[in-house]
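Chain residues, written in single-letter form:
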Amino acid sequence: MTAERLTINMNNVPVYDITYNDSFDNLKQFLEGYNADKKKCLIVSDSRVASHYMDAILRVMEGNCKYVTTYIFPEGEASKNLDVVRKIYEKLILEKFDRNDFIAALGGGVTGDMAGFTAATFLRGIDFIQIPTSLLADVDSSIGGKTGVDFDSYKNMVGAFHMPKHVYINTNTISTLDKAQFRSGMGEVTKSALLRDAEFFDWLEENSSRINSFEPEVIKEMIYKCNLIKKDVVEKDPTEKGERALLNLGHTLGHALEKYMEFKLLHGECVSAGTIMASFISFRKGLISQEDHEKIIKVLKLFGLPKVPADIDIERVISYTKNDKKVQDGKVKFILLRSIGEAFISKEVNDEDMAEAMRYYISLDT
Ligand SMILES: NC(=O)c1ccc[n+]([C@@H]2O[C@H](COP(=O)([O-])OP(=O)(O)OC[C@H]3O[C@@H](n4cnc5c(N)ncnc54)[C@H](O)[C@@H]3O)[C@@H](O)[C@H]2O)c1
């Protein structure tokens, strides 16, 4: 069963807690312990999330902070850029925020990344808290302190490591997420299990129908299991010098596909497709058995795989992997599998391997 709290440490020192809640009410406890009555808070959110949850958050924040104001931007990845960050800086300056004040990121990964980056850079760094609302943000982006924005067509090209003061998960926010967004989050969930925890991967298969029907207790347990994996990886490698790169399983071809498709496929959907391709390459290199590879396809299919157009320009997709931050000494750092539950970094994946994996994915009945 799940705990109500998980602490993320750096060098064995506790840095922040993740708490698991069924509403926004317990936020009050954090705000009291944080002396928020002496601090101003800017709540950053996107248009869709704000329409669902801003009133509820304001009800808790307003009585417990010195002053509360909001900044709402149009939903979607297209907003995750320096122009919007600039507008948030303007708001912070006009409202006379200083180093004692903080930002609350209420939303999915786009909000968390962008509000976190603004907090990392405003006045050389102010506090921020994460209040994730999408499955992807619950299981992945709100934890670990990676913040940033896209630059031109380059994903997450400008960013900073900046740890949140708290991650407040209200697992019930999943109920308003649309199906495609849920599926996108499941791409990161299955990725997490595959890279570290074979038992969890089996658990996902066993519980797939309960997960797909949003059973609250199962969803909560799943989020917690993902957070345990992410905690383990980021504590060992907070600034992605080594092991943390494993979290990029499925992301090399996934990001390239996302860019090729001009972000019409969702991030986690592309990660799922990328994970199948990484599994295929692992199988072709004799690292995993055909049985494991087929099991991976079967389980990922239970949560939905995206369709990739048959006439996709494979060469162009592969060219996008070269612009990625995951390139070192001209070689792509590709994450492969040694088994279900064990991933490793390989520099032995070439363009032909990737092209073959893409052709294979297109041929699948997804
Ligand atoms: N920092 C990291 O470590 C990290 C890790 C993985 C992904 N990311 C980033 O996360 C982003 C993707 O995150 P995302 O999928 O959450 O995107 P998102 O923030 O755009 O949210 C997806 C959509 O769901 C809506 N939404 C969110 N919560 C909702 C809710 N409870 N009810 C109704 N609608 C809701 C949003 O309005 C948006 O339209 C990408 O930019 C990716 O680069 C960051």
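Everything below is about the structure shown above.
Residues numbered from 1 in each chain as written. Predicted model: local features only at pLDDT ≥ 70, side-chain atom pairs only at ≥ 80, totals over all residues. Heavy atoms only, no water.

Colleague: Would you mind showing me how to read the pattern of salt bridges here?
Modeller: When their charged atoms lie close together, side chains carrying opposite charge are able to pair. Taken as a whole and judged by the stated rule, the model has 32 salt bridges. We note a salt bridge from Asp17 to Arg5, for which the minimum N-O separation is 2.7 Å. Of this pair, Asp17 sits in strand β2 (residues 13–21) while Arg5 sits in strand β1 (residues 5–10), and the two are 12 residues apart along the sequence. Glu240 is the partner of Lys146 in a salt bridge, and the nearest nitrogen-oxygen pair spans 2.5 Å. One end of the pair, Lys146, is in strand β7 (residues 146–151); the other, Glu240, is in the loop between α9 (216–236) and α10 (251–260), with 94 residues separating them in the sequence. In this structure Glu240 comes out as partly exposed when scored by relative accessible area, which is 25%. (Salt bridge = Lys/Arg side-chain N within 4 Å of Asp/Glu carboxyl O. Helix = DSSP H or I, 4+ residues; strand = E, 2+ residues; numbered from the N terminus. Buried < 20%, exposed > 50% of the residue type's maximum accessible area, 1.4 Å probe, protein only.)

Colleague: For this particular structure, what's the right way to read unusual backbone geometry?
Modeller: It is generally the case that most residues other than glycine have a negative phi and that most peptide bonds are trans. Of note, Phe214 is a non-glycine position whose phi angle comes to about 55 degrees, a positive value. Structurally, the position occupied by Phe214 is in the loop between α8 (208–212) and α9. Phi is positive for Phe263, which is not a glycine, with a value near 65 degrees. By the element assignment, Phe263 lies in the loop between α10 and α11 (267–284). For Phe263, a relative accessible area of 30% puts it in the partly exposed group.

Structural measurements only, silent on function.
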